[in-house]
Amino acid sequence: MTAAAVAESTHDDHDIDAHEEHGLTFKNAVNIAAFLAVVTGIEVLTYFWDFGDFAVPLLIILMIVKFAVVVAYFMHLRFENWLFTALFVGGLVLAVAVYLAALTAFGFWS
Amino acid sequence: MSDVTAPENELAYGRTEWDDYEHLPTTTGLTHDKLTMWAFLGSECLLFGALISTYLLLRNKPDDLENVGPKASELFDIPFTSVSSFVLLMSSLTMVLAVQAVAKGDNRQTRLWLGTTATFGCIFIAGQVYEFTVFYREGLGYTTNISASAFFTLTGFHGVHVSLGIVMLASLYILSARGRVTQKNAETVEIVGLYWHFVDIVWIVIFAIVYLIP
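Residues numbered from 1 in each chain as written. Chains lettered and ligands numbered in written order. Predicted model: local features only at pLDDT ≥ 70, side-chain atom pairs only at ≥ 80, totals over all residues.

Novice: Honestly, the overall build of chain A in this entry has me stumped. Any pointers?
Specialist: If you tally the helices and strands in chain A, you get 5 helices and 0 strands. For chain A, the succession of helices and strands along the chain, N to C, is α-α-α-α-α. In chain A, buried positions account for 32% of the 110 residues. Sequence separation of at least 24 residues holds for 49% of the intrachain contacts in chain A that already meet a minimum separation of 6. (Helix = DSSP H or I, 4+ residues; strand = E, 2+ residues; numbered from the N terminus. Buried ≥ 20, exposed ≤ 12 C-beta atoms within 10 Å, placed from the backbone. Contact = placed C-beta atoms within 7 Å.)

Novice: Sorry, what's going on with the interface of chain A and chain B here?
Specialist: Put simply, an interface is often sized by how much accessible area is lost when its parts join up. With 39 residues of chain A in contact, the opposing surface of chain B contributes 36 residues. For the side of chain A that touches chain B, the elements supplying multiple residues, two or more each, are helix 3 (26-48), helix 4 (55-74) and helix 5 (82-105) of chain A. For the side of chain A that touches chain B, the per-class residue count stands at 31 nonpolar, 6 polar and 2 charged. (Nonpolar A, V, L, I, M, F, W, Y, C, P; charged D, E, K, R; others polar.)

Novice: It is not clear to me how unusual backbone geometry should be interpreted in this structure. Could you clarify?
Specialist: In most cases, non-glycine residues show a negative phi, while peptide bonds are predominantly trans. Residues and elements named next belong to chain A. Its identity as a non-glycine residue notwithstanding, H76 has a phi of 65 degrees, on the positive side. Position of H76 among the secondary structure elements: in the loop between helix 4 and helix 5. Here H76 falls in the partly exposed class, since 19 other C-beta atoms lie within 10 Å of it.

Novice: Can you walk me through the confidence of the model for chain A in this structure?
Specialist: When pLDDT is averaged across chain A, the result is 84; 79% of the residues are at 70 or more. Per-residue pLDDT stays below 50 along residues 8-20 of chain A; that stretch engages in 11 contacts with residues further than four places along the chain or on separate chains. (pLDDT = per-residue confidence, 0-100.)

Novice: Please clarify how the packing of helix 3 of chain A against helix 3 (residues 78-104) of chain B should be interpreted in this entry.
Specialist: In contact at an axis separation of 10 Å, helix 3 of chain A and helix 3 of chain B are set at 170 degrees when each is read in the N-to-C sense. With respect to each other, helix 3 of chain A and helix 3 of chain B are oriented roughly antiparallel. In this structure, helix 3 of chain A uses F26, A29, V30, A33, L36, A37, T40, V44 and Y47 of chain A to contact helix 3 of chain B, whose residues at the interface are I78, S82, S85, F86, L89, M90, L93, V96, L97 and Q100 of chain B. Its residues assigned to classes, the contact of helix 3 of chain A with helix 3 of chain B shows 15 nonpolar, 4 polar and no charged. (Axes fitted to C-alpha atoms, helices over the stretch in contact; angles between N-to-C directions. Parallel < 35°, antiparallel > 145°, perpendicular 65-115°, else oblique.)

Novice: Got a minute to help me understand helix 4 (residues 107-137) of chain B in this structure?
Specialist: An α-helical turn contains 3.6 residues, so any two residues separated by three or four positions project in the same direction. All names here are of chain B. Look at helix 4: 45 Å from first C-alpha to last across 31 residues, which is about the 45 Å you get at 1.5 Å a residue. All of the buried residues along helix 4 are T110, R111, W113, L114, T117, A118, F120, G121, F124 and F135. Looking at the buried positions of helix 4, the neighbouring elements they touch are helix 2 (72-75), helix 3, helix 5 (146-177) and helix 6 (186-212). Where helix 4 terminates, the next one or two residues include G139, which has phi positive at roughly 100 degrees. (Expected span 1.5 Å × (residues − 1).)

Novice: So what exactly am I meant to see when it comes to the environment of A105 of chain A here?
Specialist: Residues and elements named next belong to chain A. As for its position among the elements, A105 is in helix 5. For A105, a count of 8 C-beta atoms within 10 Å translates into the label exposed. The spacing of A105 and L58 is 47 residues in sequence and 26 Å in space, taken between C-alpha atoms.

What follows is the structure, given as structure tokens:
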């Protein structure tokens with residue numbers, strides 16, 4: 001189940017009111033934290049079990065999922081003004097682009 | 001047609017200046033404090049991006065330089081770090097609950113969750129101090145080799161950020177106990193919460209890239 005599905009699954013009338021007011025309800029927050037805990041558990045499993053060539057892509061995907069869920073729901077960015085998103089994602093995209101270029105320039109991938 | 005019109009430069013019908021705006025009286029309609037925090041967090045991505053990529057470039061470099069001491073990655077205690085990572089992750093949940101509590105005007109719950117979040121942060125820092133101490137006893141100091149320098153700089157910078165977050169949380173706790181953090185200024189707690197969640201997402205990246213990816 002995706003984090004979005006977890007967040008949506010506990011909606012009722014009361015939740016919707018609170019959701020509109022604060023972006024996240026108590027139940028949603030706990031469900032999302034449980035989802036993040038499960039994802040972290042899978043990450044740690046890659047240390048104990050040999051996932052072979054899948055380990056690195058899996059870890060990167062899980063890291064991105066956790067990052068996105070915390071930013072979207074715990075930091076409320078999904079419910080906020082686009083300007084906040086532009087400021088944060090702008091910095092993030094710039095950082096990723098600059099440092100991927102730097103890593104490439106220093107021959108990190110070879 | 002009504003002839004009752006508000007004179008220029010005066011507010012009509014007893015409304016306050018604040019009420020006459022559908023949004024906050026700023027050029028963007030958003031609070032400057034929150035806007036500044038998001039801009040700051042965007043710039044922090046560049047800081048931690050630099051530190052992470054520096055570590056990635058230098059983590060296998062002891063053989064090329066001083067060739068002394070172990071590499072940090074040889075000393076990692078993944079089960080221990082996993083527990084401290086989990087604690088920091090759960091502190092994000094308690095921070096959300098603190099923000100929700102202050103928005104509802106429940107000061108007792110606000111202090112409870114702020115205190116819990118700060119405690120989780122202290123547990124994480126204690127774990128980091130323990131990890132650094134173990135590394136040092138194993139012969140890996142800050143200047144042992146360039147890989148160690150990159151590792152301690154990255155995780156140390158993150159630790160300093162967490163420590164600053166704990167100071168902010170403790171300050172909010174004390175202000176709340178004195179009745180100075182209420183529903184009216186709930187945004188202050190939300191802004192500190194944004195900072196706290198940011199240190200959590202930075203650790204999410206560090207834990208995966210530095211500790212788990214071989």
